[in-house]
Amino acid sequence: MSTRPDLLPADYIHALSRLQDTIQPVPAERIVQIVQAELKAPIDELFQSFDAQPLATASMAQVHRAVLRDGTVVAVKVQRPGVRQRIEIDLEVLRESLASQRNIRL
C-alpha cells in the first residue's frame, strides 16, 4: 500500500513506507515448512537446491532462489505466516478510519 499514493493520504503512505525498512526475514526453517505444507512434498524432492537466505523480504512475502529438479533456476515467493489475517485487520481499521473521517459507512 505504501506504493499507492492514489489510494491513500500522504500521511498513511509515509507511515507505511517506514515499515518497509524494518521487515525481518522469516527463519529459513519456517519457510521450508510452509513450502512443504503448501506443495505437499519434502523440499529435497521439490528442488535440487533451495537457498535459505532470502533474495528479498517484504511485509507480505519473501523470495528465495531455488533450482528445480530439471536444473531450472527459479524464484520462490513465500507468503509470510499470518499475513492474510493481519491484512484483513489492517484493512478493517483503515475502512473505519476513513469512514469516521468522512462520516460515512463503507
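Residues numbered from 1 in each chain as written. Predicted model: local features only at pLDDT ≥ 70, side-chain atom pairs only at ≥ 80, totals over all residues. Heavy atoms only, no water.

A. Just the overall build of the protein chain, in detail. Summing up its helical and strand segments, the protein chain has four helices and four strands in all. Helices and strands appear in the protein chain in the N-to-C order α-α-α-β-β-β-β-α. Put simply, the protein chain has 106 residues, and 25% of those count as buried. (Helix = DSSP H or I, 4+ residues; strand = E, 2+ residues; numbered from the N terminus. Buried < 20%, exposed > 50% of the residue type's maximum accessible area, 1.4 Å probe, protein only.)

B. Representation of the packing of aromatic side chains. This structure, assessed with the given rule, holds one aromatic pair. On the numbers, 5.5 Å between centres and 45° between planes, the contact of Phe47 with Phe50 is tilted. (Phe/Tyr/Trp six-rings, centres within 6.5 Å; stacked < 30°, edge-to-face > 60°.)

C. Up close: the layout of surface pockets. There is about 170 Å³ of room inside the second largest pocket. Every residue lining the second largest pocket is listed: Arg30, Ile34, Ala37, Glu38, Val78, Gln79, Arg80, Pro81, Gly82, Val83, Arg84 and Gln85. Those elements giving two or more residues to the lining of the second largest pocket turn out to be helix 2 (28-39), strand 4 (73-79) and helix 4 (83-102). Among the elements that line the lining of the second largest pocket, the one with the most residues is helix 2, at four residues. Counted by class, the lining of the second largest pocket contains five nonpolar, three polar and four charged residues. (1 Å grid on protein atoms, 1.4 Å probe; cavity = no way out; pocket = protein on both sides within 12 Å on 5 of 7 lines; lining within 4 Å. Points joined across faces, edges and corners; volume = space filled by probe spheres on them. Nonpolar A, V, L, I, M, F, W, Y, C, P; charged D, E, K, R; others polar.)

D. Quick peek at the pairing of strand 3 (residues 61-68). Where strand 1 (residues 47-50) lies against strand 3, three bridges are found, and the strand directions are antiparallel. Paired with Ser49 across the two strands is Val67, which belongs to strand 3. Pairing geometry for strand 2 (residues 56-57) and strand 3, over two bridges, is antiparallel. Looking across to strand 3, one finds that Thr57 is bridged to Gln62. Taking the residues that link successive antiparallel strands as the turn, the strand 2-strand 3 hairpin has three residues. (Pairing = 2+ DSSP bridges.)

E. Structural detail: the pairing of strand 4. As paired strands, strand 3 and strand 4 are joined by seven bridges and run antiparallel to one another. Residue pairing across strands places Gln62 opposite Val78, the latter belonging to strand 4. Counting the residues between successive antiparallel strands, the hairpin from strand 3 to strand 4 contains four residues, one of them, Gly71, with a positive phi of roughly 95°.

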